[in-house]
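For reference, the chains in residue letters:
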Amino acid sequence: MAEQRVLLIVGGGVAAYKALELTRLLRKAGIAVRPVLTRAGAEFVTPLSLSALAEDRVYSELFSLTDESEMGHIQLSRSADLIVVAPATADLMAKAAQGLAGDLAATTLLATDKPVLMAPAMNVRMWEHPATRRNLATLKADGVSFVGPDEGAMACGEFGEGRMAEPAAIFDAIMARLNDGPLKGRHVLVTAGPTAEALDPVRVLTNRSSGAQGFAIADACARLGARVTLVAGPVSQPTPAGVTRIDIQSAREMLAACQSALPADAAVCVAAVADWRPDEAFGVKLKKGKGGPPVLTLVENPDILATLAAKGADRPKVVVGFAAETNDVEMHARAKLTRKGCDWIVANDVTQPGVMGGADNTVMIVSKTGVERWETAPKAAVAMKLARKIAEDLA
Ligand code: C5P
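Position labels on residues start from 1 in each chain and follow its written sequence. Reporting in this predicted model follows two pLDDT cut-offs: at least 70 for local features of residues, and 80 or more for side-chain atom pairs to be given and counted; totals over whole chains, interfaces and linings ignore these cut-offs and use all residues. Values shown for side chains rest on all heavy atoms present in the structure; no hydrogens or waters enter the calculation.

Caption draft 1: Just the pattern of salt bridges, in detail. Salt bridges, as used here, are contacts in which a Lys or Arg side-chain nitrogen is within 4 Å of a carboxyl oxygen on Asp or Glu. Applying the stated criterion to the full structure yields 25 salt bridges. One salt bridge connects Asp 113 with Arg 78, and the closest N-O pair in it is separated by 3.8 Å. Within this pair, whereas Asp 113 is found in the loop between helix H6 (104–111) and strand E4 (116–120), its partner Arg 78 is found in helix H4 (residues 73–78), the two being separated by 35 residues in sequence. Exposure categories follow from relative accessible area, calculated using a 1.4 Å probe and restricted to protein chains: below 20% of the type maximum is buried, above 50% is exposed, and the middle band is partly exposed. Judged by relative accessible area, which is 37%, Arg 78 ranks as partly exposed. With a closest N to O distance of 3.8 Å, Arg 125 and Glu 128 form a salt bridge. One end of the pair, Arg 125, and the other, Glu 128, are both in helix H7 (residues 124–128), 3 residues apart, so they sit about a helical turn from each other. When salt bridges that share partners are traced, they join Lys 18, Arg 163 and Glu 166 into one network. Starting at the N terminus, helices and strands are each numbered in turn, a helix being any DSSP run of H or I of at least four residues and a strand any DSSP run of E of at least two.

Caption draft 2: Looking closely at the site of the ligand. Proximity is defined per residue: if any heavy atom of the residue lies within 4 Å of a molecule or strand, that residue is considered near it. The environment of the ligand is made up of 13 residues, and the closest members are Cys 269, Ala 271, Phe 322, Lys 336 and Lys 340. In protein, a polar contact requires one atom able to donate a hydrogen and another able to accept it; more generally it is a pair of N or O atoms within 3.5 Å, and residues adjacent in sequence count only if both atoms are side-chain atoms. The contact in question runs from a nitrogen atom of the ligand to an N or O atom on the backbone of Pro 302, over 2.9 Å. The protein chains hide 84% of the 450 Å² of surface that the ligand would expose on its own. Only protein atoms enter the calculation, which uses a 1 Å grid: trapped sets of points that fit a 1.4 Å probe without letting it out are cavities, open sets showing protein on both sides within 12 Å along at least five of seven lines are pockets, and any residue with an atom within 4 Å of a point is a lining residue. In this scheme, a molecule is assigned to a cavity or pocket if more than half of its atoms are within 2 Å of the grid points. Spatially, the ligand is embedded in the second largest pocket. Surface accessibility in these figures is a Shrake-Rupley result with a 1.4 Å probe; residues are shielded only by whichever protein chains are displayed.

Caption draft 3: Representation of the pairing of strand E8 (residues 187–192). With 6 of 6 residues buried, E8 is to be regarded as a mostly interior element. With burial as the criterion, each face of E8 is covered, one bearing His 187, Leu 189 and Thr 191 and the other bearing Val 188, Val 190 and Ala 192. Should DSSP find at least two bridges between two strands, the strands are regarded as paired. Here E8 runs beside strand E11 (residues 227–232); their pairing, made up of 6 bridges, is parallel. Looking across to E11, one finds that Thr 191 is bridged to Val 231.

Caption draft 4: Spotlight on the sheet that holds strand E17 (residues 344–349). The sheet built from 8 strands is open, its strands ordered E12-E11-E8-E13-E16-E17-E19-E20 with mixed pairing. Looking at which strands have only one partner, the edges of the open sheet turn out to be strand E12 (244–247) and strand E20 (370–373). Between one strand axis and the next, the sheet turns by 20° as a mean value, whatever way the strands run. Two strands pair when backbone bridges link them, and E8 and strand E13 (residues 266–269) are joined in this way by 4 bridges, in the parallel orientation. In the sheet register, Val 188 faces E13, and the bridge partner there is Ala 266. Its contacts with the sheet put helix H14 (residues 379–394) on E13, strand E16 (318–325), E17, strand E19 (363–367) and E20, and the angle it makes with E17 is roughly 160°. Note on geometry: axes are lines fitted to C-alpha atoms, helical ones only across the stretch in contact, with angles between N-to-C directions running from 0 to 180 degrees. Only heavy atoms matter for contacts: two residues are in contact if any of them lie within 4.5 Å across the pair.

Right, here's the structure in full:
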């Protein structure tokens, strides 16, 4: 396979030092890195460090005679398979969103016809500012993908969202964008979050699912190179880089979205689908009245997991369900495996401290052939292990 090439734009922020480690990881993986260092970026890392690690010269000036005669900015913007901006500062995001072209980095972003991945890094207030929110939405609508930012302590002493993603995470996102991982060429369908079942135009029946584990699984599959369709109920999770997200409200909408996303190589049903919905969604808001509170009649929702797992030409090769149990976890998971007709059940004991709404998860994988017990790990690590297991099974 021809050498893959990344054009790495390094913006001016403290996180620029992480761009050096990212460059090292990319080179180690045999990926060519051509660095563009902004003037502000050069205040944080030196052209010499970047050039030494990239094993290429560093481009910085739009109006440099030598830069332009060696490789013009148009050619620079087209000579890569992927453009990565790390750190993507508030300034660089604003310039790219507006289509400004006052320096080499901005001009390159405007002139390119290649996919762009940004790793934002800025102070939490800057990240949350309505201007940055607008720019983020514009860039997303323009097809730019994002990795991070993470939440944590910042160099400026504040705490919050805005820290640049770690080099390993940016590396994974790059590999996914370059479509080079064990799930390369595969399509994975993931359901996540709750469903909301309308009672009238303003009221819904729903549950407290955050969508965290499902979004982490979609992210992990994309990082391993899969094309991922994520069918999500109402949650406030950011869309993982490179993932196609379809937002739905009800279980019936979720089922329809899943069915129209088929064929898929694997389906992972993580959503907390409402078991029942009101038999009738009233067209106007129900009012308090003399008759007392309304009596709700509920009807059963379709089972998305069981429907996807049913035999048929469109059945994904690997169908995975989830089970949250409070007792006899393995026994209940086995019963669910048979009832739903899926290949694996990822089961956890939700009475364990920290599982519900927490950062970690302790799961067992129940299949026809046996049980695997996984050690307690962060949800992202559980997601990656599951994504790798799916890749092995599809190989
Ligand atoms: O026992 P329960 O039906 O809640 O099983 C949970 C598993 O089934 C999860 O994987 C969940 O995503 C899936 N499910 C579904 N559609 C439903 C109910 C549950 O896909 N209507």
